[in-house]
Amino acid sequence: MTPLSKSPTLLRGISRFDFIALIINITIGAGILGLPAKIYTLIGPWSLLAYGVSAAVVTLIILCFAEVSSRFSGTGGPYLYTRVAFGPLVGFEVGWLFWLSRIAAFASICNLFVSYSALFRPQLAAGWERAGLITALTAGLALLNYVGVQRSARVNTVFTISKLLAIGLFAIGGLFFVDKAAFTFPAFPDYAPFSQAVLLLIFTFSGFDVAAIPSGEVQEPQRTVPLSLLVSIGTVAVLFMAVQIVCIGTLPDLAHSERPLADAAGQFMGSGGALFITIVALLTALGTLHALMLTGPRLLFAMAEQKQLPAWLAATHPRFRTPYVAILVTATLQLLLAVTGTFLYALTLSTLIRLAYFALTSAALPLLRRRTDVPLAQFRVNGGLLVSGLAVALCIWLLSNSSGREARDVAIAGAVGLLIYWRMRSVRT
């Protein structure tokens with residue numbers, strides 16, 4: 001094996017088109033398959049406004065990400081940005097929690113994939129068949145990432161195009177069957193349910209933050225990342241709004257639906273349509289799992305490169321030029337949590353962690369503008385100070401609507417990260 005000190009650099013094998021596909025693939029994840037019903041239960045037809053508010057909040061955050069990311073070409077995403085802006089301690093905490101959230105997200109979506117698979121073979125829902133499917137899924141995705149980023153990026157693009165075509169067909173076709181009478185708006189909902197709806201939808205619109213992690217393998221990242229972020233959020237926002245309109249307008253009992261897209265498709269395409277959307281759900285979950293397997297290990301790699309984690313995590317394969325040790329470590333923990341874990345709780349934790357580093361990355365924009373020791377921004381936001389302030393305020397607003405349990409557990413995970421940080425610092429000194 002090539003010594004760590006002479007490990008080959010990462011290959012910049014992700015093109016601009018592949019990177020846009022990566023962001024869209026992660027964003028069109030498991031949330032859109034179930035949240036239309038949950039949001040409708042909270043605030044009814046006003047859910048359309050909640051989608052608009054969430055898209056506006058995420059757009060402000062993305063503008064901050066676009067400018068901040070345009071200064072950097074290395075691997076790490078929010079971990080890299082916050083480490084430069086706020087110092088190594090804050091950067092480490094962001095990277096640590098971000099990595100844990102990616103493991104939890106992979107485990108939860110893996111369980112969702114198994115649940116949908118059980119519709120075809122009930123034995124997959126429990127026992128050794130469930131464990132076997134999870135193991136095969138995790139090992140296969142890890143192997144694909146192990147043997148090269150270019151192959152992995154191309155597979156990701158295939159997943160993305162397939163998902164866009166399938167869900168786009170559902171959205172466009174369903175618009176012809178929408179019942180306009182379903183859009184009778186009651187009194188505006190109370191503050192609490194509306195805020196909760198927006199909080200849940202932030203998870204649905206997220207994904208751009210994860211896609212920024214492998215910038216060290218992206219071609220011309222200072223220009224590719226900002227453009228890709230803006231193109232992707234526009235595409236996803238239009239698609240998600242169309243899906244919600246179709247669900248409201250075609251499914252009379254939307255509030256009680258466990259599989260809203262499949263049930264809505266059954267209304268206007270029959271049983272064949274429901275089966276089609278179930279297959280789309282499996283494809284969507286699989287594509288998101290693949291994207292998470294691609295991005296998660298790069299966090300460990302980036303933190304090890306900065307000597308905040310053991311150096312062996314920064315090893316790259318001499319032939320494939322992938323962070324193979326970080327891939328193996330991440331995949332192992334993902335497998336263990338997927339076999340033993342649940343779905344909804346992990347998503348809530350992931351959203352809270354994301355909002356925290358969304359706020360920190362947004363706050364980094366004005367700080368980096370005043371710095372002379374960082375590269376110039378290749379993309380500059382008009383009214384950047386106002387955009388940054390609004391993004392931070394909106395993140396704090398959404399965080400204030402979280403429950404005490406999830407906030408407590410995020411704090412515990414952060415404390416564990418502090419212990420690791422100080423341990424690594426003592427080893428270096």
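The structure presented is a predicted model; accordingly, all values stated were derived computationally and were not measured.

### Notes on the confidence of the model for the protein
Part 1 of the reasoning: Confidence along the protein averages 80 in pLDDT terms, with 83% of residues attaining 70 or more.
Part 2 of the reasoning: When mean pLDDT is taken per element in the protein, helix H14 (residues 384-399) scores highest with 92 and helix H9 (residues 208-211) scores lowest with 64.
Part 3 of the reasoning: Low pLDDT (under 50) marks residues 1-8, which in the prediction has 13 contacts with non-local residues, meaning those over four places away or in another chain.

### Some words on the packing of aromatic side chains
Part 1 of the reasoning: The full count for this structure, using the stated rule, is 14 aromatic pairs.
Part 2 of the reasoning: When the centroid spacing of 5.4 Å and the interplanar angle of 55 degrees are considered together, the rings of Phe205 and Phe240 count as tilted. Of this pair, Phe205 sits in helix H8 (residues 191-205) while Phe240 sits in helix H10 (residues 221-250); the two residues are 35 residues apart in sequence, bridging distant segments of the chain. Summarising the burial analysis for this pair, Phe205 and Phe240 share the class buried.
Part 3 of the reasoning: Site record: aromatic cluster; members linked through ring pairs are Phe65, Tyr81, Phe98, Tyr357 and Phe358.

### Overview of H14
Part 1 of the reasoning: For H14, built from 16 residues, the straight-helix expectation of 22 Å at 1.5 Å per residue is met to within 8% by its first-to-last C-alpha distance of 22 Å.
Part 2 of the reasoning: When we look at burial in H14, the residues that qualify are Gly384, Val387, Ser388, Ala391, Cys395 and Leu398. Down the axis of H14, the buried side of the element spans an arc of 100 degrees, and every buried residue falls inside it. Opposite the packed face of H14, turned more than 90 degrees from it, sit the exposed residues Leu385, Leu386 and Ile396.

Definitions and cut-offs
- Residues numbered from 1 in each chain as written.
- Predicted model: local features only at pLDDT ≥ 70, side-chain atom pairs only at ≥ 80, totals over all residues.
- Heavy atoms only, no water.
- pLDDT = per-residue confidence, 0-100.
- Helix = DSSP H or I, 4+ residues; strand = E, 2+ residues; numbered from the N terminus.
- Contact = heavy atoms within 4.5 Å.
- Phe/Tyr/Trp six-rings, centres within 6.5 Å; stacked < 30°, edge-to-face > 60°.
- Buried < 20%, exposed > 50% of the residue type's maximum accessible area, 1.4 Å probe, protein only.
- Expected span 1.5 Å × (residues − 1).
- Arc of directions from axis to C-beta.

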